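Secondary and tertiary structure notes
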Amino acid sequence: MTAFNYAKAQKFMATCALAALALNSTPAAAAVQGSQGSTSTGSVSINASVPNRVRISGLDDISLLNLDPSVDASSNQDVCVWSNTSTRGYSITASGSGSGNAFTLASGASTVPYSVEWAGNVGQANGTALVAGAAETGLTSTATHQLCSSGPAGSASLIVKLASADLSAMQAGQTYTGTLTLLVQPE
């Protein structure tokens, strides 16, 4: 009777495992070298890819001056959001320049709130209310070019609103300012 050789058994199992991996692997394309002759032809495989990317553009500064404080004020603008994901999906997070990213305008120590809405198509005066610092997800873009220079001229609407009650609290002759930051991420 032959004695069991543990080292040979381990080597055999490793060889079987490598053979199984080779059988289940997808063959990799490899360069084909040309042979010597009056002509010689070779070929190479070319692979390319890009990571997920998004871009927001077409934004304009907002000026709401000399407003009637008895009437709600709003400004809407068409913007371009482009995404190269398979679904053209993106999320947007809005942050204001107020304390804790609040949507506020300030004149000295005096502040007034404003609201921000987002619509997934152009020409909208109302949209989904955004919460400062929170991502609005599940959006899709119709933009075919990252600056909307070809295809649709825009893909979304940004809407900023000031309520009449907040306008009434503003001091006359003062300009209230703030910055709205929009962070777009691919989905």
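A quick note: this is a predicted structure, and the numbers were derived from the prediction, not measured. By convention here, each chain's residues receive numbers from 1 onward along its written sequence. Per-residue local features are limited, in this predicted model, to residues with pLDDT of at least 70; the limit for side-chain atom pairs, both in listing and counting, is 80 or more; totals at the level of whole chains, interfaces and linings are taken over all residues. Hydrogens are left out, water is left out, and the side-chain values use all remaining heavy atoms of the structure.

What follows is about the overall build of the chain. Scanning the chain for helices and strands turns up two helices and 10 strands. Each residue is placed in one exposure class: buried if its accessible area under a 1.4 Å probe, protein chains only, is under 20% of its type's maximum, exposed if it is over 50%, and partly exposed if it falls in between. Out of the 187 residues belonging to the chain, those deemed buried represent 25%. In the chain, the proportion of contacts linking residues at least 24 apart, taken out of those at least 6 apart, comes to 75%. For accessible areas, the Shrake-Rupley method is used with a probe of radius 1.4 Å. Any residue's cover is judged against the shown protein chains and nothing else. Surface accessibility of the chain: about 12,300 Å² in total, with carbon and sulfur atoms responsible for 53%. Segments assigned H or I by DSSP are reported as helices when at least four residues long, segments assigned E as strands when at least two residues long, and all are numbered from the N terminus. Contact definition: two residues touch when any of their heavy atoms are within 4.5 Å.

Considering every residue of the chain, the mean pLDDT works out to 89; 85% of them sit at 70 or more. Confidence of the predictor at the level of single residues is given by pLDDT, which spans 0 to 100. Within the model, the stretch residues 16-25 combines pLDDT values under 50 with zero contacts to residues more than four positions away or in other chains.

This paragraph deals with the pattern of salt bridges. Between Lys or Arg on one side and Asp or Glu on the other, a salt bridge is scored when a side-chain nitrogen of the former is within 4 Å of a carboxyl oxygen of the latter. In the structure shown here, the tally under the stated rule is one salt bridge. Glu117 is paired through a salt bridge with Lys161; the nearest N and O atoms lie 3.3 Å apart. With a gap of 44 residues between them, Glu117 in strand E6 (residues 115-119) and Lys161 in strand E9 (residues 156-162) connect regions that are remote in the sequence.

What follows deals with the side chain of Gln77. Residue placement: Gln77 occurs in strand E2 (residues 73-83). For Gln77, a relative accessible area of 11% puts it in the buried group. Within the local environment of Gln77, its side chain forms a polar contact with the backbone nitrogen of Asp60, the two atoms lying 2.8 Å apart. The contact partners of Gln77, leaving out residues within four places of it in the chain, are Gly58, Leu59, Asp60, Ile62, Ala156, Ser157 and Leu158. Whenever a nitrogen or oxygen atom comes within 3.5 Å of another N or O atom, the pair is scored as a polar contact, on the condition that within protein one atom can donate a hydrogen and the other can accept it, and that pairs from neighbouring residues in sequence are kept only if both atoms are in side chains.

Moving on, we get to the nonpolar core. The biggest cluster of nonpolar side chains holds 22 residues, and the ones touching the most others in it are Tyr90, Ile92, Tyr114 and Trp118. Breaking this core down by element, the ones donating at least two residues are E2, strand E3 (89-96), E6, E9 and strand E10 (180-186). Among the elements that take part in this core, E9 stands out by supplying four residues, more than any other. Only buried residues count toward a nonpolar core, which is a set of Ala, Val, Leu, Ile, Met, Phe, Trp, Tyr and Cys residues joined through side-chain atoms within 4.5 Å.

The sheet built from five strands is open, its strands ordered E1-E2-E9-E6-E7 with antiparallel pairing. Pairing within the sheet leaves two strands with one partner each, and these edge strands are strand E1 (54-57) and strand E7 (128-129). In short, DSSP must find at least two bridges between two strands for them to pair. Relative to E7, E6 runs antiparallel, the two being bridged by two bridges. The residue of E7 that forms the bridge with Glu117 is Ala129.

Within the fold, Gly98 resides in the loop between E3 and strand E4 (104-107). In sequence terms Gly98 and Thr179 are 81 residues apart; their C-alpha atoms lie 8.5 Å from each other.

Our next topic: unusual backbone geometry. At Asn66, a position not held by glycine, the phi torsion is positive, near 55°. Looking at the secondary structure, you find Asn66 in the loop between E1 and E2. Take Asn66: its relative accessible area is 82%, and that puts it in the exposed class. Phi at Arg88 takes a positive value of approximately 60°, unusual for a residue other than glycine. Along the polypeptide, Arg88 turns up in the loop between E2 and E3. Residue Arg88 is classed as partly exposed on the basis of its relative accessible area of 33%.

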